[in-house]
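Single-letter residue listing:
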Amino acid sequence: MALPSLRIPDIPEEGLTLDCGVLPEELPLAPDDARVRGELALSVAIAKAGQRISVTGVLGGTFVRQCVRCLREFEEPVSIPFAVEYRREEPLRGPQSQPSRTAGRAAEPAETAEEVVDHDETDVYPLVGDQLELGEMLREQVILAEPMQPLCRVACRGLCPICGQDLNERPCACPEVRQASPFAVLKQLRAGKARQGS
């Protein structure tokens, strides 16, 4: 089953749940965004609340990463939970266009502070027309889930900075390269001042 394009009027008041497969090209992911092996699995629950539509679920699949230490590609199973809200943008109203509080039906109760906090902490997407499009939202969730420093394993030894040997496979004969301490410069300055004073 492909990624569904849902019509908002077709979403029942009690909400709905969907389980389907999603092809990477349906999102669509650029090569620099993320690399996916095969099909993604989507499980999602959709609920209507006034002018808002709540969408929660999990997107899972196998992602292809490149280790920052040894530069090898590796596959990693990933599960991406998400909770977002689609809202219909309300037109701006001037002071004269605002209805009187005493005229017509009673004003709706204001949202509580707890509700406001919840809405502020939720990712919000604009609701345009009668279609609920999930593709762009899911693409953003995948990009946000990409690690800044992917590692094939925590104990990856990386490459020798001299000969380029993958140290996970075997050690090399190069002399050990010690990284200079960031305080080495201060130590040299202090030693220089001591010599000048003597």
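Residues numbered from 1 in each chain as written. Predicted model: local features only at pLDDT ≥ 70, side-chain atom pairs only at ≥ 80, totals over all residues. Heavy atoms only, no water.

Visitor: Is there a simple way to explain the side chain of Glu-85 in this structure?
Guide: Structurally, Glu-85 can be placed in strand β5 (residues 73-87). Judged by relative accessible area, which is 8%, Glu-85 ranks as buried. Separated by 2.6 Å, the side chains of Glu-85 and Arg-87 make a polar contact. (Helix = DSSP H or I, 4+ residues; strand = E, 2+ residues; numbered from the N terminus. Buried < 20%, exposed > 50% of the residue type's maximum accessible area, 1.4 Å probe, protein only. Polar contact = N/O pair within 3.5 Å; in protein donor to acceptor, adjacent residues only side chain to side chain.)

Visitor: So what exactly am I meant to see when it comes to the confidence of the model for the protein here?
Guide: Should the pLDDT be low somewhere, the predicted coordinates at that spot are not to be read in detail. This prediction gives the protein a mean pLDDT of 80; 72% of its residues lie at or above 70. Note that residues 96-120 has pLDDT below 50 and, in this model, nine contacts with residues that lie over four places away or in other chains. (pLDDT = per-residue confidence, 0-100. Contact = heavy atoms within 4.5 Å.)

Visitor: Explanation requested: the nonpolar core in the structure shown.
Guide: In a soluble, globular protein the nonpolar side chains are often hidden away together inside. Core analysis: the largest hydrophobic core is formed by 31 residues, its most contacted members being Val-55, Tyr-86 and Leu-132. Broken down by secondary-structure element, the contributors of at least two residues to this core are β2 (16-22), β3 (36-49), β4 (52-66), β5 and α2 (135-144). (Core = buried A, V, L, I, M, F, W, Y, C linked by side-chain atoms within 4.5 Å.)

Visitor: How should I be thinking about the pairing of β5 in this particular structure?
Guide: The side chains of a regular strand alternate between the sheet's two faces. Two strands pair when backbone bridges link them, and β4 and β5 are joined in this way by 15 bridges, in the antiparallel orientation. Its bridge partner lying in β5, Val-64 is registered against Glu-75. Here β4 folds back onto β5 in antiparallel fashion, the turn holding six residues, of which Leu-71 has a positive phi close to 65 degrees. (Pairing = 2+ DSSP bridges.)

Visitor: Explanation requested: unusual backbone geometry in the structure shown.
Guide: Among all residues except glycine, the phi angle is most often negative; among peptide bonds, the trans geometry is most common. The amide bond that connects Leu-27 to the next residue, Pro-28, takes the cis arrangement and shows omega of -20 degrees. The topology assignment puts Pro-28 in the loop between β2 and β3. The phi dihedral of Leu-71 falls on the positive side, at around 65 degrees, and the residue is not glycine. Mapped onto the fold, Leu-71 is located in the loop between β4 and β5. Given a relative accessible area of 47%, Leu-71 falls into the partly exposed group.

Visitor: So what exactly am I meant to see when it comes to the pattern of salt bridges here?
Guide: Pairing is possible between side chains of opposite charge, provided their charged atoms come close. For the structure on display, the rule yields twelve salt bridges. Of the charged contacts, one joins Lys-48 and Glu-13 as a salt bridge, the two residues approaching to 3.7 Å between their closest N and O atoms. Pair noted here: Lys-48 is in strand β3 and Glu-13 is in the loop between β1 (6-7) and β2, with a separation of 35 residues, a long-range link. Residue class for Lys-48 comes out partly exposed when judged on its relative accessible area of 23%. On the basis of relative accessibility, which here comes to 64%, the residue Glu-13 falls in the exposed class. Linked through salt bridges whose partners overlap, the residues forming this network are Asp-33, Glu-136 and Arg-139. (Salt bridge = Lys/Arg side-chain N within 4 Å of Asp/Glu carboxyl O.)

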